[in-house]
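So the chains spell out like this:
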Amino acid sequence: MSDKATLEINGEKYEFPIVVGSENEVAIDIKALRGSTGGVITIDPGYKNTGSCESAITFLDGEKGILRYRGYSIEELAEKADFLEVAYLLIFGELPTQEELDQFHTDIKKHAVVDDDIKKILDAFPKSAHPMGVLASLTSALTAFNPTSVNVDSDEEMYNAIVRILGKFPILVAWTMRKKHGMPLDYGSTSLGYVENILHMMFKRPDEEYTQNPILVNALDKLLILHADHEQNCSTSTVRITGSSHAGLFVSLSAGISALWGPLHGGANQAVLEMLEAIKEDGGDTKKYMSKAKDKEDPFRLMGFGHRVYKNFDPRAKIIKVAADDVLSDLGVQDPILDIAKGLEKEALEDPYFVDRKLYPNVDFYSGIIYRGMGIPTEMFTVMFALGRLPGWISQWKEMRTRKEPIGRPRQLYTGETYRPFKDITNR
Ligand code: ACO
């Protein structure tokens with residue numbers, strides 16, 4: 001392959017280097033484009049063709065359905081590792097030794113407490129507030145209670161900021177749910193594993209012991225691993241671009257949480273369940289909703305289907321589908337919503353509209369179903385996604401800061417009015 005790409009504008013030729021990634025992905029390096037052409041830019045709404053950075057964290061190939069964290073396949077990680085190991089791998093680049101993992105967990109546990117005044121902020125929210133809004137606010141508020149900025153050149157300061165947020169975030173997650181359901185707030189137990197403690201903090205009732213169910217612990221562990229990173233998606237790009245102004249880690253994460261909330265991104269798992277509920281309320285006619293999804297005059301989309309990057313299958317969806325079947329049969333869950341989900345899945349996989357456009361069930365189609373089986377309320381689904389994505393966001397923020405990336409500042413093609421003289425208010 002040639003190592004240069006040539007661009008011709010108005011008869012003038014410009015050459016740009018071709019760069020190749022470690023998985024042979026090819027990119028044209030246009031850093032010099034504006035300077036050499038006298039101001040020409042590229043335009044690519046939605047960034048479908050634009051790489052915003054170089055990254056050594058996650059590789060995915062949407063055509064082949066490959067997803068790897070730091071070179072390890074998602075299938076192997078989901079089967080053999082636990083969430084904390086995967087978090088360590090994403091953030092520090094290598095799988096931890098047992099000693100490193102134990103130390104990491106001990107350090108996280110030291111920070112598994114939040115300032116009690118955070119409860120006052122939580123109290124001020126109405127019970128009707130969506131947990132994602134509450135979580136974004138509380139995560140941002142953590143900055144006020146931990147105001148020291150991180151010196152990104154210090155490994156120690158970086159490490160401390162990381163274990164601090166990994167310790168505090170699950171508490172905020174659990175509290176958003178407990179607040180909504182009028183449950184007293186709880187700090188969990190440091191004697192438990194990271195994921196066990198999350199379940200404990202979410203579900204422990206004040207009047208009874210919480211008994212861990214290994215099926216639920218395993219399913220949640222898997223779900224968190226599957227969501228832990230996904231390279232430069234909307235929320236991760238938001239975290240990186242927010243941090244690129246040298247805003248701190250916690251506020252950058254808060255911005256990522258807000259970006260994740262939307263139904264075209266992390267909000268899809270909630271939207272899937274709401275869609276299934278609506279279909280059930282409407283008599284369970286899946287064919288009617290398939291027609292709506294295909295009707296270009298109708299804004300309805302089949303939630304949980306399609307993906308910007310995976311155009312053959314979502315490897316996470318494959319893993320989670322098996323886990324969903326296991327969890328639901330182990331727990332003996334009988335749920336008409338699941339029958340509707342299975343019906344829609346079958347019809348869509350056979351329908352030329354979906355097949356031709358390569359629209360397959362994505363990870364969110366199944367994750368919502370498992371969360372429902374686990375007794376997690378629908379409005380918490382996207383919060384659970386945020387909990388899983390936390391290590392990915394941290395590692396991407398860390399990579400962006402340690403590589404000293406410049407502030408993210410895209411250009412635009414202006415299409416508004418050209419100069420016009422100001423009109424006095426009486427002449428408008
Ligand atoms: N239902 C019906 N039609 C769909 C759907 C859907 N879920 N998704 C895409 N299409 C159609 C579009 O109408 C379009 O049709 P056309 O070519 O006839 O105009 C074609 O498929 C391509 O769709 P785009 O919107 O261009 O695809 P894009 O890659 O931009 O969007 C997205 C991907 C946003 C995920 C989209 O498929 C969607 O809205 N899905 C539903 C929401 C969802 O499940 N989001 C979760 C994503 S996974 C995650 O965030 C973890």
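Each remark here, short or long, concerns the structure printed above.
Figured I'd write up the structure that's included with this text.

Analysis parameters
Residues numbered from 1 in each chain as written. Predicted model: local features only at pLDDT ≥ 70, side-chain atom pairs only at ≥ 80, totals over all residues. Heavy atoms only, no water. Pairing = 2+ DSSP bridges. Helix = DSSP H or I, 4+ residues; strand = E, 2+ residues; numbered from the N terminus. Near = heavy atom within 4 Å. Polar contact = N/O pair within 3.5 Å; in protein donor to acceptor, adjacent residues only side chain to side chain. Areas by Shrake-Rupley, 256 points an atom, 1.4 Å probe, with all protein chains shown as cover. Nonpolar A, V, L, I, M, F, W, Y, C, P; charged D, E, K, R; others polar. Phe/Tyr/Trp six-rings, centres within 6.5 Å; stacked < 30°, edge-to-face > 60°. Buried < 20%, exposed > 50% of the residue type's maximum accessible area, 1.4 Å probe, protein only. Axes fitted to C-alpha atoms, helices over the stretch in contact; angles between N-to-C directions.

1. Describing the pairing of strand S1 (residues 4-9)
Alright, step 1. Summarising the sheet, S1 and strand S2 (residues 12-20) pair through 6 bridges and their orientation is antiparallel. When the bridges of S2 are listed, Ala 5 appears paired with Phe 16.
Alright, step 2. The turn joining S1 and S2, which pair antiparallel and follow one another in sequence, is formed by 2 residues; a positive phi near 50 degrees is taken by Asn 10.

2. Re the site of the ligand
Alright, step 1. Around the ligand sit 21 residues in total, of which Lys 296, Arg 301, Leu 302, Gly 304 and Tyr 353 are the nearest.
Alright, step 2. Here Arg 308 contributes a side-chain N or O atom positioned 3.1 Å from an oxygen atom of the ligand.
Alright, step 3. The separation between an oxygen atom of the ligand and a polar side-chain atom of Lys 311 is 3.3 Å.
Alright, step 4. Protein chains shield 78% of the accessible area of the ligand, which is 930 Å² for the free molecule.
Alright, step 5. Here the residues of the shell around the ligand are counted per class, giving 9 nonpolar, 5 polar and 7 charged.

3. Brief notes about the packing of aromatic side chains
Alright, step 1. Throughout the structure, instances matching the rule amount to 14 aromatic pairs.
Alright, step 2. Aromatic pair Phe 203 and Tyr 210: ring centres 6.4 Å apart, planes at 20 degrees, arrangement stacked.
Alright, step 3. Ring geometry for Phe 305 against Phe 354: centres 5.9 Å apart, planes inclined by 70 degrees, an arrangement best described as edge-to-face. Taken together, the residues Phe 305 in the loop between helix H13 (286-294) and helix H14 (315-331) and Phe 354 in helix H16 (residues 352-356) connect sequence positions 49 residues apart. Here Phe 305 and Phe 354 have matching classes, each one buried.
Alright, step 4. Ring pairing ties together the aromatic residues Phe 305, Tyr 353, Phe 354, Phe 365 and Tyr 366, which thus form one cluster.

4. Observations concerning the sheet that holds strand S6 (residues 72-73)
Alright, step 1. Taken together, the 3 strands give an open sheet; going across it, the order is S4-S5-S6, and neighbouring strands pair in antiparallel fashion. One side of each edge strand has no neighbouring strand; the edge strands of this open sheet are strand S4 (58-61) and S6.
Alright, step 2. Both strand S5 (residues 66-69) and S6 contribute to a ladder of 2 bridges, which runs antiparallel. Considered in S6, the bridge of Arg 68 is made with Ser 73.

5. Digging into the sheet that holds S1
Alright, step 1. One open sheet holds the 3 strands; their spatial order is S1-S2-S3, and the pairing between them is antiparallel. Both outer strands of the open sheet, S1 and strand S3 (26-28), are each paired with one neighbouring strand and no more. Across the sheet, the mean angle separating the axes of adjacent strands is 30 degrees when strand polarity is ignored.
Alright, step 2. Here 3 bridges tie S2 to S3, and the two strands are oriented antiparallel to one another. Among the inter-strand pairings, Val 19 is bridged to a residue of S3, identified as Ala 27.

Everything listed here is a matter of coordinates, which is why it stays silent on function.
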